[in-house]
Amino acid sequence: MCGILAVANLNQRSLDATNVLRMRDTMRHRGPDDAGLYHDDQVTLAHRRLSIIDLSESGHQPMSNEDGSIWLIFNGTIYNYLELCSRLKNKGHILSSTSDTEVIIHQYEEDGESCLRKFNGMFSFVLWDKRIRKLFAARDRAGIKPLYYYIDDKKLILASEIKAIIEDPSVPREPDYQAISDYFFAGRALAGKTVFKTIKEVMPGHYLTLDMSNKNFRLRKYWDLVFDYNRSREIDETREELFHLLDDAVKLHCLSDVPVGCHLSGGIDSSSVVGFASRHCESLQTFSIKFSDDPHIDETPHAKAVAQYVGAEYNENTPPAIDITRFLPFLIWHMDVPMATEGGFAYYTCSRFVSKHVKVVLTGHGGDEVFAGYPAQFQAAFDSMDMFDVHSDPDKSGQRSFYRRLGLLLASRSPRRAYEAFKKRLIGKALSLEDKWIQLHCGSEPRDSGLFCDSFIEILDGYTPKDSYVEPFKEVAYASTLDKCLYHDLRLYLPGLLHLEDRASMAVSIESRVPLLDYRIIEYLATVPPEQKVKNLIPKYLLREVSSNLLPQSIVERRDKKPFPVPAKFWSDKNVRNTIDEVLLSKESLDRGIILPEILKRACARDDLSLPLWQLLNLELWFKLFVDRNPSWIDAAQLST
């Protein structure tokens, strides 16, 4: 896991080396172990290294082939690198390291841009081919590793994090107001936008090229998920094949020259990863977070049961309430964007705990999106969430129970106008899949939300996030309704979670791996029809089946769907309340011209619980850090982990 930065000169002017090093070193947290730089008259490549595979100097980046005609900077891990290395050597390639980085260079020499199809891993990289004067950059299929770019008539900049790009003083720090409306509607910027108007995201499964001879810039998709059901395959065969795929995926993800551990919540996703990892790792350590003694939030008893069952070492941490105030500016600085949910704090708390013990950690991310585990997927596809245990709360009659069931329905996504969405579901009004999905997950469109100033609505000039949001449904019109929902989550929701996971883990310099998102598993499940995938409408039926001999039966049979919440005690803490008031009621916030001042005041007073307090707080802190560049808040963000 590393930080990469590339700058291509389009006007033949020399770069300021001091500026490039400063840009690179804004990402020191991504790679504290080593740093490197390559420079010629057209391209500069800079790298920060977190040493995981081949800890020696031979793994140093930027890395080149034998004659120095190809140079590479790489972030991530190629899990099938040993297999590719063997094949390349058989074809006469000479590899001077045991690093997965070098495999990319030589596979490119063999296959050109189509080398991407050979890589099983999480990656973003930039490759400079001096022979044909072409820059080639790519991002992995699921979007596990980030990659952003800025381009004008003078230069192209690519980097793992936006903060590295905007460290260049010539790059505008102008906010993208359409992306801000996306944030309140869907939780994140859509269609490749970022909250910075001039900076774009290389989308998952895409690559770009820049031909320096003619300045031709092209962005292309190299991978997408295709649903093609194999209805002749019996379910026993499906279970067996999937077991071997999962086992091999986790085995590959355990490859490392440094110690490996596992996040463990006690849910079926992380528990399955722990179960398979225990087959391949000696002295496996697991890491769990306990936010509360409330049995409806605390899952550590389940996590302990799993660790004991597989013979792993169990580690647990309980963070104090004040942490959310202390770390929020720090987190937003690391995220580069406002966070839509409190999940970023939870992920960071886990990662900080893990970093005291190991350098690589496996997580269960992707299980809900790939195996079908969200209540909203079942509500949209089958008009029911009865398959989830949403009645376990003993307080069935009170408001507390109502909001808990509502939270379960919406699968921890913190959507806006949640009460209206839940009410419409109860009414049972006939809706299209797109409209039903929007009601289950999204806020109102900008003009209807009641949050924004008239001047902000005018700037949007009729823009609506809805069109970009529903686009994935149109692209898989041939699939079952359930798989349309899974595809939408894979395309739009999962990348946001992966962003949180990447930034939270990189903030403390650990490599987070997601074996359930091995592309072979994703593609295999696209051949499995819904009647096998969720047999008898059991959520994540196949994952439960293939893990059943590895885990306690109580874990396999769990039906309660619990998010990863930050409990109420964090919000009620006096320090948190003071921070909220300081941020949202500041003159800059009230004069921003985006959120109505009366909304900000009501949110601080907490007299309207439907207002998106967390999103409002994150957006204003983002402005203070990245647009205003407020020295006090920048200082607050630069704390030690």
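Here's what I pulled together on the structure shown here. (Residues numbered from 1 in each chain as written. Predicted model: local features only at pLDDT ≥ 70, side-chain atom pairs only at ≥ 80, totals over all residues. Heavy atoms only, no water.)

Remarks on the sheet that holds strand 9 (residues 155–159)
Pairing within the open sheet is antiparallel, and its six strands lie in the order 2-3-1-9-8-10. Each having just a single partner strand, strand 2 (34–39) and strand 10 (200–201) make up the two edges of the open sheet. Taken together, the two bridges between strand 8 (residues 148–151) and strand 10 define a ladder with antiparallel strand orientation. Looking across to strand 10, one finds that Y149 is bridged to K200. The strands that helix 1 (residues 17–25) touches are strand 1 (2–9), strand 2, strand 3 (43–49) and strand 9; relative to strand 3, the one it contacts most, it runs at about 35°. (Pairing = 2+ DSSP bridges. Helix = DSSP H or I, 4+ residues; strand = E, 2+ residues; numbered from the N terminus. Contact = heavy atoms within 4.5 Å. Axes fitted to C-alpha atoms, helices over the stretch in contact; angles between N-to-C directions.)

A few points about the pairing of strand 8
With four bridges connecting them, strand 8 and strand 9 associate as antiparallel partners. Note on strand 9: the bridge partner recorded for Y149 is L158. Taking the residues that link successive antiparallel strands as the turn, the strand 8-strand 9 hairpin has three residues.

Focus: the pattern of salt bridges
Oppositely charged side chains are able to pair whenever their charged atoms sit close together. Going through the model one piece at a time under the given rule, you end up with 44 salt bridges. For the salt bridge of R503 with D336, the shortest nitrogen-to-oxygen distance reads 3.0 Å. Taken as a pair, R503 in helix 18 (residues 481–506) and D336 in the loop between helix 9 (323–335) and helix 10 (343–354) lie far apart in primary sequence, 167 residues in all. Classification of D336 by relative accessible area gives buried; the value is 0%. A single salt-bridge network, built from bridges that share partners, covers R30, K145, E161, K163, D336, D502 and R503. (Salt bridge = Lys/Arg side-chain N within 4 Å of Asp/Glu carboxyl O. Buried < 20%, exposed > 50% of the residue type's maximum accessible area, 1.4 Å probe, protein only.)

Side note on the environment of Y524
Relative to the helices and strands, Y524 is located in helix 19 (residues 519–525). For Y524, a relative accessible area of 12% corresponds to the buried category. As a C-alpha pair, Y524 and L242 span 282 residues in sequence and 7.9 Å in three-dimensional space. Once residues within four sequence positions are removed from consideration, Y524 is found in contact with R233, E237, T238, E241, L242 and L245. Engagement of the side chain of Y524 in a polar contact is seen with the side chain of R233, the distance being 3.4 Å. (Polar contact = N/O pair within 3.5 Å; in protein donor to acceptor, adjacent residues only side chain to side chain.)

Remarks on helix 2 (residues 81–90)
Along helix 2, the residues classified as buried are Y81, L84, C85 and L88. Down the axis of helix 2, the buried set is contained in an arc of 105°. They therefore lie on one face. Contacts made by the buried residues of helix 2 are with strand 5 (70–78) and helix 3 (100–111). Looking at the residues trailing helix 2, positive phi occurs at G92, about 100°. (Arc of directions from axis to C-beta.)

With respect to the pairing of strand 6 (residues 121–129)
Counting buried residues in strand 6 gives nine out of nine residues, a clear majority hidden from the surface. Going residue by residue along strand 6, you find G121, F123, F125, L127 and D129 tucked away on one face and M122, S124, V126 and W128 tucked away on the opposite face as well. As defined by bridge partners, strand 5 adjoins strand 6 across nine bridges and the pair is classed as antiparallel. Considered in strand 6, the bridge of T77 is made with M122. Judged from the six bridges that link them, strand 6 and strand 7 (residues 134–139) form a sheet pairing that is antiparallel. Paired with S124 across the two strands is R139, which belongs to strand 7. Once strand 6 ends, the chain turns through four residues before running back antiparallel as strand 7, passing R133 with a positive phi of about 55°.

Some details on the sheet that holds strand 6
Strand pairing in a sheet takes place through backbone hydrogen bonds and is either antiparallel or parallel in direction. Read across the open sheet, the six strands follow the order 4-5-6-7-11-12; overall the sheet is antiparallel. Each edge of the sheet is formed by a strand with only one pairing partner; in this case those strands are strand 4 (63–64) and strand 12 (216–221).

Here we look at the packing of aromatic side chains
Considering all chains together, one arrives at 27 aromatic pairs under this definition. Ring centres of F196 and F626 lie 6.0 Å apart, and the angle between their planes is 90°; on these two criteria the pair is classed as edge-to-face. Of the two residues, F196 sits in the loop between helix 5 (177–186) and strand 10 while F626 sits in helix 27 (residues 613–627), which places them 430 residues apart along the sequence. With respect to burial, F196 and F626 carry one shared label: buried. On the basis of an interplanar angle of 80° and a centroid distance of 5.4 Å, the ring pair of F378 and F388 is categorised as edge-to-face. With F378 in helix 12 (residues 375–382) and F388 in the loop between helix 12 and helix 13 (399–409), the pair connects residues that are 10 residues apart, well separated along the chain. Across the pair, exposure class does not vary: F378 and F388 are buried alike. These aromatic residues form a ring-pair network of at least three members: Y108, F119, F123, F125, F136, Y207 and Y222. We note R141 situated over the ring of Y519; from NZ or CZ to the ring centre the distance is 3.7 Å. One residue, K163, lies across the ring of W333, its end atom 4.5 Å from the ring centre. (Phe/Tyr/Trp six-rings, centres within 6.5 Å; stacked < 30°, edge-to-face > 60°. Lys NZ or Arg CZ within 6 Å of the ring centre and 35° of its normal.)

Limitation: the analysis is restricted to geometry and does not speak to function.
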